[in-house]
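Notes for the structure review
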2 protein chains.
Amino acid sequence: MAQTVLKVEGMSCNHCKMAVEKALRNISGVESVQVDLAQKEVVVSGSADRGQLAKAVEEAGYTVVG
Amino acid sequence: MAQTVLKVEGMSCNHCKMAVEKALRNISGVESVQVDLAQKEVVVSGSADRGQLAKAVEEAGYTVVG
């Protein structure tokens with residue numbers, strides 16, 4: 001399955017992790033979301049568009065890098 | 001009105017702030033709660049017992065110092 005990896009700044013705790021996961025899980029095409037706080041990395045499995053994923057992360061209050 | 005000031009470690013973002021505020025607001029005798037993330041300080045107004053406040057903060061997943 002396709003994976004999209006986003007580098008995300010501003011996730012500092014498990015609340016942030018949950019907020020980002022929640023923001024991404026409801027997007028069409030997203031099969032699963034894994035947030036690695038230490039690596040500042042979000043791995044999304046599924047067919048969702050990268051731009052749409054990044055937009056959802058930004059709208060949740062975090063910054064997508066690169 | 002009496003004030004209790006707690007030094008709290010582990011509050012890293014606004015989600016943490018809200019979690020601590022929520023944990024303290026429901027305690028009997030608490031009139032208001034103010035969290036200063038930068039100062040790692042929680043100021044509670046009212047007659048609530050310091051030990052009870054500290055316990056609620058710890059149960060929310062944070063560490064009361066001193």
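Residues numbered from 1 in each chain as written. Chains lettered and ligands numbered in written order. Predicted model: local features only at pLDDT ≥ 70, side-chain atom pairs only at ≥ 80, totals over all residues. Heavy atoms only, no water.

Looking up chain A in an unreviewed UniProt entry gives the name Copper chaperone, with the organism given as Desulfoscipio geothermicus DSM 3669.

In terms of helices and strands, chain A carries two helices and four strands. Counting helices and strands in the order they occur from the N terminus, chain A gives β-α-β-β-α-β. Relative to the globule expectation of 11 Å for 66 residues, the C-alpha radius of gyration of chain A, 10 Å, shows essentially globular dimensions. C-alpha extents for chain A along the principal axes are approximately 30 × 20 × 20 Å. Split into buried and exposed, the 66 residues of chain A put 38% on the buried side. For chain A, long-range pairs separated by at least 24 residues make up 62% of all intrachain contacts whose partners lie at least 6 apart in sequence. Of the roughly 3800 Å² of accessible surface on chain A, a fraction of 45% belongs to carbon and sulfur atoms. Computed over 7 positive and 8 negative side-chain charges, the inter-centroid distance for chain A is 3 Å. (Helix = DSSP H or I, 4+ residues; strand = E, 2+ residues; numbered from the N terminus. Rg over C-alpha atoms; globule rule 2.2 N^0.38 Å. Buried < 20%, exposed > 50% of the residue type's maximum accessible area, 1.4 Å probe, protein only. Contact = heavy atoms within 4.5 Å. Areas by Shrake-Rupley, 256 points an atom, 1.4 Å probe, with all protein chains shown as cover. Lys, Arg positive; Asp, Glu negative; His and termini not counted. Charge placed at Lys NZ, Arg CZ, Asp CG, Glu CD.)

Overlaying chain A with chain B gives an RMSD of 0.0 Å, the required rotation being 179° about an axis along which the chain moves by 0.1 Å. Put plainly, the chains are arranged around a two-fold axis. By residue overlap, the copies meet face to face through one surface: 100% of the interface positions of chain A are interface positions in chain B. (Least-squares fit on C-alpha atoms with pLDDT ≥ 70 in both.)

All names here are of chain B. Counted according to the given criterion, the structure contains eight salt bridges over all chains. E21 is paired through a salt bridge with R25; the nearest N and O atoms lie 3.8 Å apart. Here the residue E21 and the residue R25 both occupy positions in helix 1 (residues 14-25), the gap between them amounting to four residues, near one helical turn. A relative accessible area of 47% means that R25 is categorised as partly exposed. (Salt bridge = Lys/Arg side-chain N within 4 Å of Asp/Glu carboxyl O.)

All names here are of chain B. Looking at where S45 falls in the secondary structure, it is placed in strand 3 (residues 41-46). For S45, a relative accessible area of 12% corresponds to the buried category. Filtering out sequence-adjacent residues up to four positions away, S45 remains in contact with M1, A2, Q3, G29, V30, E31 and S32.

Counting residues at the interface gives six residues for chain A, matched by six residues for chain B. Between chain A and chain B, a total of about 390 Å² is buried, with carbon and sulfur atoms accounting for 65% of that surface. Contact with chain B buries surface across chain A, with S12(A), C13(A) and H15(A) losing the most and accounting together for 78% of the total. Here chain A is connected to chain B by three residue pairs in polar contact (both at pLDDT 80 or more). The residue inventory of the side of chain A that touches chain B, partitioned by class, reads four nonpolar, two polar and no charged. (Buried area = accessible area lost by both parts, 1.4 Å probe. Polar contact = N/O pair within 3.5 Å; in protein donor to acceptor, adjacent residues only side chain to side chain. Nonpolar A, V, L, I, M, F, W, Y, C, P; charged D, E, K, R; others polar.)

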